[in-house]
Amino acid sequence: MWQLAIISFVLCFVPSYQQFPRFCATREVLRTKECCPSWEGDGSPCGASSGRGSCEDVEVPDRPDGPQYPFSGLDDREKWPLVFYNRTCQCAGNFMGFNCADCIFGYFGVNCNERRESVRKNILHLSRAEKIRFVSYLNLAKQTVSRDYVVVTGTYQEMENGSNPMFADVSVYDVFVWMHYYVSRNALLGGPENVWTNVDFAHWGPGFLPWHRLYLLHWEHEIRKLTGDMSFTIPYWDWRDAQGCDVCTDELMGDRSPHDPSLLSPGSVFSSWTVLCSRAEDYSNRGVLCDAEEEGPLRRNPGNHNRKVVERIPTSAEVEFALSLTKYDTGAMDRSANMSFRNTLEGFGDSQTGIGNSPRRGIHAALHVFMNGSMSSVQGSANDPIFLLHHAFVDSIYEQWLRRYRPSPSDFPDSDAPIGHNGDYHMVPFLPLHRNREFFISSKDLGYEYSYLLDANQRLAETMGPYLEVMQDVWPWLLIAAVCGGILAVSIAAVVLTAKRRCEGVSWLHVRKWKNVFALPERQPLIWGSDTEETKHHNYQTAI
């Protein structure tokens, strides 16, 4: 724990970067609808003077959406991001970011032309130092206010079309909590209890997997910026066939509190975390957005969930069944989709038959329900850091499917998917802008890999890493112990030899004389004869 505190203290002075850019949350920018911040490298909007990008009109697709959301012009997320901005930075080449200051995923360097491939590891295979570092980074992100981003707390209409900005400062970690809330919230139709619930711009449709892939990439990207650790990757939790939450330890994601089973152990740094944007029903009843205020402690009670909805943690067989489905999405491309890989993996297609609208939750959704706490609410689930481990593994299953069937980005649905899920729709609420189909590609093309998908030799090296690190820490002590043991052995040998020499100098007759003085008569032999009963029944074999 003291190592975690030291790392957090050292890093807390490092500035952070990542959902509305702070520069674009002013009255002037909201009224002009032009979000094109300057790049610090040359002071020009979008780094235009250095050829990094330019400020351009936002082009949104006009392909029809599905029938699930029958409204138009009522929700700020429609045709994202046009309600707020109609001009943003469009970056050139390998540059990326709301001001083109960053590199696209998988590249780094001053000119973003150096290739990098990272490996996401099984969290249970991390070394002790890696585990401490991961938990420290999470806590640092939770305690550090985002320098570059703020979150919106009111609708554009409530802001009087930008004249009265409504934004809040939150931590780097909570920016991502808010993002997951905002993309999945109910649509506000005006007034208390007047909401539309059958809408979600990141779930219940084909965009589910690309959206969460991008989400994790941005989260990873921001942690690297915050800490300066360019080697950081999000670990995954391979929960297949687990009997319980084996990452719920104080060393990792927090054990259960002995005082309240729905809270975390005081021995975990996460026991001090508070949540936000977790009261979906309250917001709907009042017809408001989350105000980004603290809403109590992080909660988790794994295994004490509704068994009628979820029987247990998902199994290897269920994952393999989902991977056997050859079609990415089918039919209406929502929760009713039959024999759809996406819908079955998301958990609304039966994990044994593939039939949609299942009354029981499967795979992805099942794990959320199993955790029975902050993770079990769609809008507030990202408050629990286990969310990251879980979705990293879900993303790895998505990666397996992509490698098995090798679809083209053009195979992603162009139209008639639920709103927010068509291939060219800009994913809500990301700035910089990204389209769904851009993340319907292999993780290798985005600069990362999963350790368990590596070849056998690479997997062995990854698995042995923690043990080699332990040996590296222990070997000096083993060497010292060996030296001390050697010295002790030599000392004992010297004493024995000295004693032997002294004994040899004593007259044999002198010794015999004293022996006769103290000799006692033997009443029975010390060694039994070979033909006695004791010899037959009390040797090592028969005694055992």
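Remember, it's a predicted structure, so these values are computed and weren't measured experimentally. Each residue is numbered by its place in its chain's sequence as written, counting from 1. In keeping with the predicted nature of the model, local features appear solely for residues at pLDDT of at least 70, side-chain atom pairs appear and are counted solely at 80 or more, and the whole-chain, interface and lining totals rest on all residues. Each side-chain value is derived from all of the structure's non-hydrogen atoms; neither hydrogens nor water enter the calculation.

J.: How should the pairing of strand β4 (residues 87–91) be read in this particular structure?
T.: It is a general feature of regular strands that their side chains alternate between the two faces of the sheet. Bridging between strand β2 (residues 34–35) and β4 involves two bridges; their strand directions are parallel. Considered in β4, the bridge of Cys35 is made with Thr88. With five bridges joining them, strand β3 (residues 53–57) and β4 adopt antiparallel strand pairing. If you follow Cys55 over to β4, its bridge partner there is Cys89. Whether two strands pair depends on DSSP finding at least two bridges between them. Helix and strand labels come from DSSP, where a helix needs a run of H or I of at least four residues and a strand needs a run of E of at least two; each type is numbered from the N terminus.

J.: What is the right way to look at the pattern of salt bridges in this model?
T.: Oppositely charged side chains can form a pair if their charged atoms are brought close together. We define a salt bridge as a side-chain nitrogen of Lys or Arg found within 4 Å of a carboxyl oxygen belonging to Asp or Glu. Applying the stated criterion to the full structure yields 29 salt bridges. A salt bridge links Glu34 to Arg87; the nearest nitrogen and oxygen atoms lie 2.9 Å apart. Taken together, the residues Glu34 in strand β2 and Arg87 in strand β4 connect sequence positions 53 residues apart. The partner of Arg404 in a salt bridge is Glu320, with the nearest N and O atoms 3.2 Å apart. Of this pair, Arg404 sits in helix α10 (residues 386–405) while Glu320 sits in helix α7 (residues 316–324), and the two are 84 residues apart along the sequence. The class for Arg404 is partly exposed, based on a relative accessible area of 40%. Each residue is placed in one exposure class: buried if its accessible area under a 1.4 Å probe, protein chains only, is under 20% of its type's maximum, exposed if it is over 50%, and partly exposed if it falls in between. Given the relative accessible area of 39%, Glu320 is considered partly exposed.

J.: Is there a simple way to think about the packing of α7 against α10 in this case?
T.: Relative placement of two packed helices is described by the angle separating their axes and the distance separating the axes. Every angle, taken between N-to-C directions, lies between 0 and 180 degrees, and every axis is a line fitted to C-alpha atoms, over only the stretch in contact when it is a helix. Viewed as axis vectors pointing N to C, α7 and α10 meet at an angle of 40°, and their least axial separation amounts to 10 Å. Classified by the angle their axes make, α7 and α10 are oblique. For the pair α7 and α10, the crossing hand works out as right-handed. Counted together, Val319, Glu320, Leu323 and Ser324 of α7 and Ile397, Gln400, Trp401, Arg404 and Tyr405 of α10 form the full contact between these two elements. Under the scheme applied here, ten amino acids are nonpolar (Ala, Val, Leu, Ile, Met, Phe, Trp, Tyr, Cys and Pro), four are charged (Asp, Glu, Lys and Arg), and all others, including Gly, are polar. A class-by-class count of the residues in the contact of α7 with α10 yields five nonpolar, two polar and two charged. Should an angle lie under 35 degrees it is considered roughly parallel, over 145 roughly antiparallel, and from 65 to 115 roughly perpendicular; all remaining angles are considered oblique. Crossing handedness follows the turn of the near helix against the far one: under a right angle anticlockwise gives a left-handed crossing, and clockwise gives a right-handed one. Contacts were defined at the residue level, with two residues in contact if any of their heavy atoms lie within 4.5 Å.

J.: Got a minute to help me understand the sheet that holds strand β11 (residues 167–168) in this structure?
T.: Two modes of strand pairing occur in sheets, parallel and antiparallel, and in both the strands are linked by backbone hydrogen bonds. Overall, antiparallel pairing links the three strands, which are arranged β1-β10-β11 in an open sheet. At either end of the open sheet lies a strand with only one pairing partner, and these are β1 (20–21) and β11. With two bridges connecting them, strand β10 (residues 149–152) and β11 associate as antiparallel partners. The residue of β11 that forms the bridge with Val151 is Ala168. Each of β1 and β10 touches helix α4 (residues 172–184); the most contacted strand, β10, lies at about 35° to it.

J.: Looking at this structure, how should I read the packing of aromatic side chains?
T.: Each aromatic ring pair is described using two quantities: the centre-to-centre distance and the angle formed by the ring planes. Between rings of Phe, Tyr and Trp, where Trp is taken as its six-membered ring, a pair exists when centres lie within 6.5 Å; planes separated by under 30 degrees are stacked, by over 60 edge-to-face, and by other angles tilted. Per the counting criterion, the structure on display carries 39 aromatic pairs. A ring pair is formed by Tyr236 and Phe393, whose centres lie 6.0 Å apart and whose planes are at 25°; its orientation type is stacked. Here the residue Tyr236 occupies a position in the loop between α5 (208–227) and α6 (280–286), and Phe393 occupies one in helix α10, the gap between them amounting to 157 residues. Among the residues examined, Tyr236 registers a relative accessible area of 2% and is labelled buried.

J.: For this particular structure, what's the right way to read the sheet that holds β3?
T.: In spatial order, the strands read β2-β4-β3; together these three strands make up an open sheet with mixed pairing. The two strands at the open ends of the sheet, each matched to only one other strand, are β2 and β3.

J.: It is not clear to me how the UniProt feature "domain: Tyrosinase copper-binding" (unreviewed entry) in the chain should be interpreted in this structure. Could you clarify?
T.: Mapped onto this numbering, the UniProt entry annotates "domain: Tyrosinase copper-binding" (unreviewed entry) at residues 203–220 and 384–395. Counting secondary structure, residues 203–220 comes out at 72% helix and 0% strand; the distance between its end C-alpha atoms is 21 Å. Secondary structure content for residues 384–395 is 83% helix and 0% strand, while the C-alpha to C-alpha distance between its ends is 18 Å. UniProt positions are given in the numbering used here, feature names are shortened, and annotations may be inferred rather than shown by experiment.

J.: What's the story with a nonpolar patch on the surface in this structure? I'm lost.
T.: Judged by side-chain polarity, Leu488, Ile492 and Val496 come together as a nonpolar surface patch covering roughly 290 Å² of accessible area. Looking at the secondary structure, you find Ile492 in helix α11 (residues 456–504). Each patch groups residues whose relative accessible area exceeds 30% and which form no salt bridge, using 9 Å between like charges and 5 Å between nonpolar side chains of Val, Leu, Ile, Met, Phe, Trp and Tyr. All accessible-area figures derive from a Shrake-Rupley calculation using a 1.4 Å probe, and residue coverage is judged against the displayed protein chains alone.

J.: I keep staring at the state of the cysteines and nothing clicks. Help me out?
T.: When the sulfur atoms of two cysteines share a covalent bond, that bond is a disulfide. The rule for a disulfide is simple: a pair of cysteine sulfur atoms within 2.5 Å. Per the stated rule, a full pass over the model turns up seven disulfides. In this model, Cys36 is linked to Cys55 through a disulfide, with the two sulfur atoms separated by 1.9 Å. Here the S-S torsion is close to 75°, and the disulfide linking Cys36 with Cys55 is therefore right-handed. With Cys36 in the loop between β2 and β3 and Cys55 in strand β3, this pair connects stretches of sequence that are 19 residues apart.

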